[in-house]
Amino acid sequence: MSYIGANIYYWGMQEQRRLLRQGLSLWAREARDRGLVQHLWYCPFDVRSPHVFALFRAGEGRHNDIKTFLQKWPSHVQLNTDEVEQRHSQCRITMNLADRQPGPAPNNSFLVFEHAHTDYPFWLNQHLDNSDQLWRRLDEVAAWTLDHASD
């Protein structure tokens, strides 16, 4: 098993809520039901441009689901270059290799990648004796929040 990451560049608060409710929540539930996901974690972030970073411990990615979602419900939010650059400059870390690519990422795009064990958020548990328990609980919180995103 490896960790698969996806940065889904989808601008706008309402749009990202839709992505969580009608995208990530459904993909994660289906993957869990099929036994493909052991851990799930996600975080909205602004490096390169506004996006949701999702991280799965899984055997396969969800490339086609992400592409279909973005085609069906594209974000129509427009941000000027200055706002994208300002949001990017306020981020003090990068979470993954996609965050380290040059230039801004366009709205309604995504990158899927194998996530390194040395990237964020894995360095949070470097000195823990029972890191499996931390990730089990983070997975439970992520699943619960996605299940209740529309409440």
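Since the model is a prediction, treat every value here as computed from it, not as a measurement.

Attention now moves to the packing of aromatic side chains. Using the criterion set out here, one finds 8 aromatic pairs in the structure. Relative to Tyr120, the ring of Trp41 lies with its centre 5.8 Å away and its plane at 65°, an arrangement referred to as edge-to-face. Pair noted here: Trp41 is in strand S2 (residues 37-45) and Tyr120 is in the loop between strand S4 (109-114) and helix H4 (131-147), with a separation of 79 residues, a long-range link. Tyr120 matches Trp41 in its accessibility class, with the two residues each being buried. Seen in terms of ring centroids, Phe69 and Trp73 are 5.1 Å apart; in terms of plane orientation they differ by 55°. Their pairing is tilted.

On to the environment of Tyr3. With respect to the helices and strands, the residue Tyr3 is situated in strand S1 (residues 2-9). What makes Tyr3 buried here is its relative accessible area of 9%. Taking the C-alpha atoms as reference points, Tyr3 and Glu114, 111 residues apart in sequence, are found 5.9 Å from one another. If we ignore the near neighbours within four places in the chain, the residues touching Tyr3 are His39, Leu55, Phe56, Arg57, Phe113, Glu114, His115, His117 and Phe122. Among the polar contacts listed, one links the side chain of Tyr3 to the side chain of His39, at a separation of 2.8 Å.

Parameters and conventions
- Residues numbered from 1 in each chain as written.
- Predicted model: local features only at pLDDT ≥ 70, side-chain atom pairs only at ≥ 80, totals over all residues.
- Heavy atoms only, no water.
- Phe/Tyr/Trp six-rings, centres within 6.5 Å; stacked < 30°, edge-to-face > 60°.
- Helix = DSSP H or I, 4+ residues; strand = E, 2+ residues; numbered from the N terminus.
- Buried < 20%, exposed > 50% of the residue type's maximum accessible area, 1.4 Å probe, protein only.
- Contact = heavy atoms within 4.5 Å.
- Polar contact = N/O pair within 3.5 Å; in protein donor to acceptor, adjacent residues only side chain to side chain.

Take it as geometry only, folks, not as evidence of what the structure does.
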